[in-house]
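So the chains spell out like this:
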Amino acid sequence: MSSSKVTRLGTYPRKKRFLSIGIASITRPSNTNYLLNTTKSLMDNLSEMDEEETYIVIFLADLHEPSRSTRAAELSRTFSKYIDKGLLTVIVAYPEYYPPLDNIKARFGDSRERRFWRAKQNVDTAFLMCYCKDASQFYIHLEDDVIPSPSFFPKLKASLTENDEAFLVLDVARKGNVAKLYHSKDLSNSASFFFLMYDEMPVDWLLPHLRAIKEPAKMRKLPLAASLFQHTGILSSLAEKKPKGPGHEEPFFDLYDQKFRGLNPPAKVTSPLSSHETVSKGSPQRAYEKGSGYFWGTAPSKDDYVIVKFKESTAVQKVFVDTGSLLGRKDILKSGVLQASFESVDKEEFLRESGDHGCGNFETYGSFSKGKVTVTFNNSKKLTCLRILAKENQDEPLFLREIDVWA
């Protein structure tokens with residue numbers, strides 16, 4: 001598999017790494033090319049330390065050599081630096097690897113073209129898994145039209161390190177087969193399954209069957225609060241598939257890494273809400289401080305709040321608050337606002353307006369929509385506090401996933 005017959009650009013790693021990422025890609029009928037953006041976004045979100053533990057393999061799965069050569073040349077021009085340093089490898093398949101693809105049995109009312117497309121996709125998946133099986137400890141099978149969450153590598157590594165739950169396949173994105181994480185030791189068996197069943201059904205339909213066979217009922221899924229990859233492609237590699245409309249995106253996706261990296265300005269976070277006892281322990285501070293922590297609180301009533309009190313008055317550029325998660329899909333803030341209080345030159349007036357929280361008078365700057373709010377400030381005045389305020393009673397708990405503050 002790692003021979004020069006398969007490897008078009010780059011080299012197979014001599015040392016086993018923590019993570020390999022495999023991307024199978026074919027030319028889309030419209031010639032729309034998502035692969036370059038996907039590859040660039042992966043590179044842009046890897047630090048130099050991350051690169052040392054990562055190996056990315058792009059499988060150019062077109063059966064015709066002209067298409068493969070054109071795309072390989074484009075990748076070579078664009079990413080030569082990463083190819084030279086051993087981070088990126090580009091491979092192709094030899095035709096004799098493929099079983100017959102022209103006479104796939106009719107199922108699901110699929111056209112001949114769709115049957116060929118889905119059968120080949122299964123074989124492509126198996127081939128790429130076989131190539132990567134000895135390259136790393138973990139493997140992500142990734143579609144070619146996605147973007148990663150900022151700091152996706154340390155977020156994933158921290159989650160895998162902090163949680164020792166067994167898993168067969170981890171959904172690092174929930175939709176379809178967009179992004180799935182495997183233990184590399186399981187890749188041979190998974191590849192054999194997809195290859196054996198290549199003519200039965202699409203790969204994302206086969207995956208639940210693999211899980212039913214190989215994943216014991218007692219095997220819990222690792223608790224990821226949000227997807228680490230977002231699907232961005234609109235046009236499919238199958239010509240007859242309609243362009244994707246609204247709703248194909250991940251329901252919860254980490255847009256930023258400000259909080260995760262510990263870049264929020266120092267502050268104390270408080271709330272009258274208590275932890276949702278059946279599922280969570282901790283304080284609202286966890287949704288603000290460094291790391292992947294969050295606060296899963298009880299159902300808020302009207303005028304319940306979460307206050308962020310800065311240790312020093314702070315000039316703030318932007319604030320983003322996200323609620324809800326893959327662990328609690330309905331637990332968003334249904335109706336709420338983001339408010340701010342500012343430093344006052346009149347100390348007596350400030351003390352009169354501070355109340356019990358010591359923040360001063362709050363002004364509303366943004367309303368939550370679908371559990372999120374983003375607010376920008378002009379830096380002309382320094383903030384003393386932020387307040388997330390519930391405007392209505394709600395029955396569902398509040399999952400406060402992250403508070404990001406750019407100062």
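Just so it is clear, the structure is predicted and the values come from calculations on it, not from any experiment. (Residues numbered from 1 in each chain as written. Predicted model: local features only at pLDDT ≥ 70, side-chain atom pairs only at ≥ 80, totals over all residues. Heavy atoms only, no water.)

Enquirer: Help me out: how do you make sense of helix α5 (residues 152-162) in this one?
Expert: An α-helical segment advances 3.6 residues per turn. Residues three or four places apart therefore align on the same side. Of the positions making up α5, those classed as buried are Phe 152, Phe 153, Lys 155, Leu 156, Ser 159 and Leu 160. Along the axis of α5, the buried residues cluster in a sector spanning 165°; they form a single face. Away from the buried face of α5 by more than 90 degrees, exposed residues Thr 161 and Glu 162 are located. (Buried < 20%, exposed > 50% of the residue type's maximum accessible area, 1.4 Å probe, protein only. Helix = DSSP H or I, 4+ residues; strand = E, 2+ residues; numbered from the N terminus. Arc of directions from axis to C-beta.)

Enquirer: Looking at this structure, I do not really get the pattern of salt bridges. What am I missing?
Expert: Any two side chains of opposite charge can pair if their charged atoms end up close together. This model, assessed by the stated rule, comprises 23 salt bridges. The residue Arg 71 makes a salt bridge to Asp 62 at a minimum N-O spacing of 3.7 Å. Taken as a pair, Arg 71 and Asp 62 share a single burial class, namely buried. Across the pair Asp 124 and Lys 120 runs a salt bridge whose closest N-O atoms are separated by 2.8 Å. Taken as a pair, Asp 124 and Lys 120 lie in helix α4 (residues 112-132) at a separation of four residues, close to a single helical turn. By relative accessible area, Asp 124 is classed as buried at 6%. With a relative accessible area of 6%, Lys 120 lands in the buried category. Through salt bridges with shared partners, a single ionic network connects Lys 155, Asp 254, Asp 322, Lys 372 and Arg 401. (Salt bridge = Lys/Arg side-chain N within 4 Å of Asp/Glu carboxyl O.)

Enquirer: Just checking my understanding: could you explain the pairing of strand β10 (residues 267-270) for this structure?
Expert: Each regular strand carries side chains that alternate between the two faces of the sheet. Of the two faces of β10, the one holding Ala 267 and Val 269 is buried and the one holding Lys 268 and Thr 270 is not buried anywhere. Strand direction decides the pairing type here: β10 and strand β12 (residues 305-314), joined by four bridges, are antiparallel. What sits directly across from Ala 267, in β12, is Phe 310. (Pairing = 2+ DSSP bridges.)

Enquirer: Would you explain the state of the cysteines in this entry?
Expert: Linking two cysteines covalently through their sulfur atoms gives a disulfide. Per the counting criterion, the structure on display carries one disulfide. In this model Cys 359 forms its disulfide with Cys 385; the gap between the sulfur atoms is 2.0 Å. Because the torsion about its S-S bond is -80°, the bridge between Cys 359 and Cys 385 counts as left-handed. Taken together, the residues span a long stretch of sequence, with Cys 359 in the loop between α8 (347-354) and β15 (363-367) and Cys 385 in strand β17 (residues 383-390) at a distance of 26 residues. Like Cys 385, Cys 359 is buried. With no disulfide partner, Cys 130 has as its closest neighbouring cysteine sulfur the one in Cys 132, 9.7 Å distant. Exposure remark for Cys 130: the relative accessible area of 22% places this residue in the partly exposed category. For Cys 132, a relative accessible area of 0% gives the class buried. (Disulfide = S-S within 2.5 Å.)

Enquirer: Mind showing me how you'd approach the sheet that holds β10 here?
Expert: Where strands meet in a sheet, backbone hydrogen bonds hold them as pairs that are either parallel or antiparallel. Here we have five strands laid out as an open sheet, ordered β10-β12-β17-β14-β15, and antiparallel in their pairing. For this open sheet the edge positions go to β10 and β15, each flanked by a neighbour on one side alone. Each neighbouring strand pair of the sheet contributes to a mean axis angle of 20°, computed without reference to strand direction. When strand β14 (residues 336-342) meets β15, the two strands line up antiparallel, connected through four bridges. When the bridges of β15 are listed, Gln 339 appears paired with Thr 364. (Axes fitted to C-alpha atoms, helices over the stretch in contact; angles between N-to-C directions.)

Enquirer: What exactly am I supposed to notice about the nonpolar core here?
Expert: Burial of nonpolar side chains together is a common tendency in soluble globular proteins. Ranked by internal contacts, the top residues of the largest apolar core, which has 39 residues, are Val 172, Leu 181 and Phe 229. Only β2 (17-25), α1 (35-44), β3 (54-60), α3 (65-84), β4 (88-92), β5 (136-142), α5 and β8 (179-183) provide two or more residues apiece to this core. Residue contributions to this core peak at five residues, all from α3. Residues in contact with Val 172, not counting those within four places in the same chain, are Ile 140, Leu 156, Ala 179, Lys 180, Leu 181, Leu 224, Ser 227, Leu 228 and Phe 229. (Core = buried A, V, L, I, M, F, W, Y, C linked by side-chain atoms within 4.5 Å. Contact = heavy atoms within 4.5 Å.)

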